[in-house]
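# Fold and geometry: a report
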Amino acid sequence: LGGELDAQANSIGFTMQTATGDGTTTIDWGNGNHVDFTFGAQNETFTFTAPAKPGVYTMSLKQDSTGSRTATWPASVKWAGGSAPTLTTTATTGYDIISFRYDGTNYYGVASLDFS
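With mixed pairing, the six strands of this open sheet are ordered in space as 1-3-5-8-9-7. Lying at the two open borders of the sheet, with one neighbouring strand each, are strand 1 (16–20) and strand 7 (77–79). Ignoring which end each strand starts from, the neighbouring axes of this sheet average 25° apart. The sheet contact formed by strand 3 (residues 34–38) and strand 5 (residues 55–62) spans five bridges and is parallel. Across the sheet, His-34 pairs through a bridge with Thr-58, a residue of strand 5.

Here's what the structure looks like:
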């Protein structure tokens, strides 16, 4: 089969993965295009398990009750200007959304910050 998918007047949902940080978190993009992540009691280092196909993936990041948590991203994540964004660090309400376009090798990240 080939061609375009037409959902007509219907929406297409995705499985929402959820995770709470423990210092090192592996995100398996093969388990769903969206991750709802809450920081745990420390900063987080992420590892990505690549999906089978290129695509668009999103990750929401919410600060814990302490706040000021930061993220370290895999080397395969590329950012505009070469630098990762500074996340919103407000305790409990700090909320950012990171979108990734995966091309089969690299993840090109774009940040939408400070939804607090």
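Past the structure itself, the notes keep going.
A few words now on the pairing of strand 4 (residues 44–49). Burial along strand 4 is one-sided: the face carrying Glu-44, Phe-46 and Phe-48 is buried and the face carrying Thr-45, Thr-47 and Thr-49 is not. Inspection of the sheet shows strand 4 paired to strand 6 (residues 71–72) by two bridges, in the parallel sense. Bridge pairing in strand 6 links Glu-44 to Ala-71.

What follows covers the pairing of strand 1. By the alternation rule, side chains of strand 1 split into Gln-17 and Ala-19, which are all buried, and Met-16, Thr-18 and Thr-20, of which none is buried. Pairing of strand 1 with strand 3 involves five bridges; the strand directions are parallel. The residue bridging Thr-20 from the neighbouring strand is Thr-38, located in strand 3.

Counted under the stated rule, the structure contains one salt bridge. A salt bridge links Asp-64 to Arg-69, with the nearest nitrogen and oxygen atoms 2.9 Å apart. Taken as a pair, Asp-64 and Arg-69 share a single burial class, namely buried.

Judged by pairing direction, the sheet is parallel, and its three strands sit side by side in the order 2-4-6 without closing on themselves. Whereas interior strands pair on both sides, the edge strands pair on one side only; in this sheet they are strand 2 (24–28) and strand 6.

Reading the values: rules and limits
Residues numbered from 1 in each chain as written. Predicted model: local features only at pLDDT ≥ 70, side-chain atom pairs only at ≥ 80, totals over all residues. Heavy atoms only, no water. Pairing = 2+ DSSP bridges. Helix = DSSP H or I, 4+ residues; strand = E, 2+ residues; numbered from the N terminus. Axes fitted to C-alpha atoms, helices over the stretch in contact; angles between N-to-C directions. Buried < 20%, exposed > 50% of the residue type's maximum accessible area, 1.4 Å probe, protein only. Salt bridge = Lys/Arg side-chain N within 4 Å of Asp/Glu carboxyl O.

So, to be careful, I would describe these as geometric facts and stop short of saying anything about function.
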